[in-house]
Amino acid sequence: MLAEPFDALALCGFFLFSVLMCRKQADAEQCDCAADAAEHIRENICLHFVQCEVGCRHGEFEIAAEIAALDFLAVVTVNHIQFPMLFGLRQVAHRIGIRRHGGGGAGETGDGHCRGGCHGYEAFAVGGCVRDSILGRSPDDWDITTSAKPEQVKALFHRTVDTGLQHGTVTVLMEKEGYEVTTYRVDGEYEDGRHPKEVTFTASLEEDLKRRDFTINAMAYNPSSGLVDLFGGLEDIERKIIRCVGDPLERFTEDALRIMRAVRFSAQLGFAIEEETRKALKVLAPNLKHVSAERIQVELVKLLMSPHPDYLRVAYEAGITAEFLPEFDACMTTSQNTPHHCYTVGEHILHSLCHVRADKVLRITMLLHDIGKPVVRKTDENGRDHFKMHGIAGEKMAAQILRRLKFDNDTIRKVTRLVKWHDDRPEGMTKAVRRAVNRIGEDLFPYYLEVQQADMLAQSDYRRAEKQERLDKVKEAYETIINEHQCVSLKTLAVTGKDLIEAGYKPGREIGETLNRLLEVVLADPQKNQKEILLDMLDEK
C-alpha cells in the first residue's frame, strides 16, 4: 500500500534525496552542469518533474546525481499534509540502489553509459526519519534499510563501521557523518525480553517493517516506491495516536523497552496511546525488569525533556513507574491538606514539570523536588499536613534514585543539592541573598530561582502575589550581586590560603577556619573584601 503521489516539488526533492547517495567522481564540466541543474530546479520548482530539462550533455534529468553536496529543502505533500524535508543523506542510498529515470537499463543514462553506483539493491529511508519528516520535524538521524547484505554494503563504501553485523547493521561514514544501514531482517525468538536470539535476513521490506514497534515508526521511503506505509502509520499520525504494529502484547513481550518508548513517543509528539496498546502496557509493565537501568534512564530523560513531561502520568496509570520509580507512585497517593497546595504531591510534581524550561537538570529536579514528602508527612490535630525537613529527606532519596538509574555524578550532585535547598526562602535583601548563594552554590543559584518559580506556579493561589513579590526581590538582589561582582564564596575572597601562610599561619585546619571567618565578614559587608582590610582584621585579633 502506497500513500498518494507526492507533488512535483516533492519529486524534485526526493529525486535529489536518492541521487545524493551516488558514488561519483565528477569532472569540472559535470560539476558545472550539476550547479546549473540545481539552479534550474530552484527557478522552475513548480514544473512537472518530467519536464525539468537540465540541458546536460546526456540530456537526462539523472545528471542531478552529480549534486552530491547539496542539502535540498522541499515542501512535500502526502495525503494533503505539507511538511518540509531536508535531504542531507549525501551519497549512501543511491549507491546501494539506483533506479532508472529515462532511457537505458537500471542505473544507465540515455546514451547507455552506466553511472557510478549502479548496484541494483533496494534502499529505503526508514523509521523515525520518515515519521519526523512527515511531522515537519528535523530528524536527529537517518536510518536506511536495504536488501543488500552487510558484506555487500561494506563492499560499496570506503569507510564503514561494523556497528552490529550480527543484526545486519553497518554504519557508513560520509562527510563526517554516519548513516546506519541495516539489512532487511526477521527477528527470531526474544529470550531475554530485550534482544532476539537470532535474526534472519530477508529480501522482503514488508517482513522487515512488520517487526518494528509502532506504526508511525514502520514507514519507509525511496524515490521509486514513494512512501511505503503497510500498517497505517500515516493515518495514526493524522489521528495523533501511538499504536503497535500488529499485536501489542507480542511487541512488548519481544522488547520490554518498547513499554517506555510508547510513553516517551506519546510525550514527545503529544499523541494519545491507542486503547489496545495501553492495555498491553498495563499487562506487561513488570517486564521492565529485563531492561537495564541505563536504558530506562535514557527513555525517562527523553520523556522529561519532551513538550509534555506531565505524560509521566500515563506511565503511572499503566503501572510503569512502579517498576523503576516507586517513590513517585507514593507521591501520587499522598495528599497535601494545606492551603498552599491544591494537588496531591505527585500531581504537584507533574504540574511543576510543565512550568520549567526543558533543561535536563531542571526537569529532573522538579521530578524529585518533593520526593521526600511522603516519608516526612505529619498531620496535626486540625487535619493539616506538614512536611518539615522534606528537602533534606528528598536529597538523600534523590541520590539513591539517581544512582539506581545510573545517572552521572555531575547530574547527581546538581540535582540533589537543588532538591535539598528548593524550599529555602531568603528575604529579598542583598545580604540574605548573598548568604543564600553561598549556601546553595554560585553555579546552581540561577537554577534554584527557576525551581522556586516552577514550584510556586504548581501550588494553589493562596498568597500567590506575596510569594511572587518575595521571589522577584530575590531575583533583583541577585542581579545586583552579579552586576557588582560581590563576593559570595571563598573563590572570590580577596585573601587566599597562600596569603595566610605568608602571614605566619601554619597549613592545616586553622587556615580553612580563618578563611571561612573572613568570608562571613564579607558576606555581611562586601565592601570589606579587600586584602589589606581582611589581613588587618586578623592582626587586630
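Here's a quick rundown of the structure.

About the thresholds
Residues numbered from 1 in each chain as written. Predicted model: local features only at pLDDT ≥ 70, side-chain atom pairs only at ≥ 80, totals over all residues. Heavy atoms only, no water. Helix = DSSP H or I, 4+ residues; strand = E, 2+ residues; numbered from the N terminus. Expected span 1.5 Å × (residues − 1). Buried < 20%, exposed > 50% of the residue type's maximum accessible area, 1.4 Å probe, protein only. Contact = heavy atoms within 4.5 Å. Pairing = 2+ DSSP bridges. Polar contact = N/O pair within 3.5 Å; in protein donor to acceptor, adjacent residues only side chain to side chain. Axes fitted to C-alpha atoms, helices over the stretch in contact; angles between N-to-C directions.

## Some words on the environment of G383
Logical step 1: Mapped onto the elements of the fold, G383 is located in the loop between β14 (378–379) and β15 (385–386).
Logical step 2: For the pair formed by G383 and N337, sequence separation is 46 residues and the distance between their alpha carbons is 7.3 Å.

## Here's the deal with helix α22 (residues 464–483)
Residues spaced three or four apart along an α-helix point in a common direction, a consequence of the helix completing one turn every 3.6 residues.
Logical step 1: Here α22 is 20 residues long and its end C-alpha atoms lie 29 Å apart, about the 28 Å a rise of 1.5 Å per residue gives.
Logical step 2: For α22, every residue scored as buried is listed here: K467, Q468, R470, L471, V474, A477, Y478 and I481.
Logical step 3: Buried residues in α22 make contact with α20 (430–440) and α21 (445–457).

## Description of the pairing of strand β4 (residues 143–146)
Logical step 1: Inspection of the sheet shows strand β3 (residues 123–126) paired to β4 by four bridges, in the antiparallel sense. Within β4, the position partnered with F124 by the bridge is T145.
Logical step 2: In this structure, β4 lies alongside strand β7 (residues 177–183), joined through four bridges in parallel fashion. Bridging across to β7, D143 finds its partner in E180.

## Comments concerning the side chain of S352
Logical step 1: Tracing the backbone shows S352 in helix α15 (residues 345–353).
Logical step 2: Classification of S352 as buried rests on a relative accessible area of 0%.
Logical step 3: A polar contact of 2.7 Å, which involves the side chain of S352, links it to the backbone oxygen of I349.
Logical step 4: When residues no more than four places from it in sequence are discounted, the contact partners of S352 are M366, H369, A454 and A458.

## Some thoughts on the sheet that holds β3
Logical step 1: If you trace the seven strands from one edge of the open sheet to the other, you get β5-β6-β7-β4-β3-β10-β11, paired in mixed fashion. Whereas interior strands pair on both sides, the edge strands pair on one side only; in this sheet they are β5 (160–164) and β11 (226–229). When strand polarity is set aside, the average angle formed by the axes of neighbouring strands in this sheet is 30°.
Logical step 2: Sheet topology places β3 next to strand β10 (residues 219–222); two bridges connect them, and they run antiparallel.

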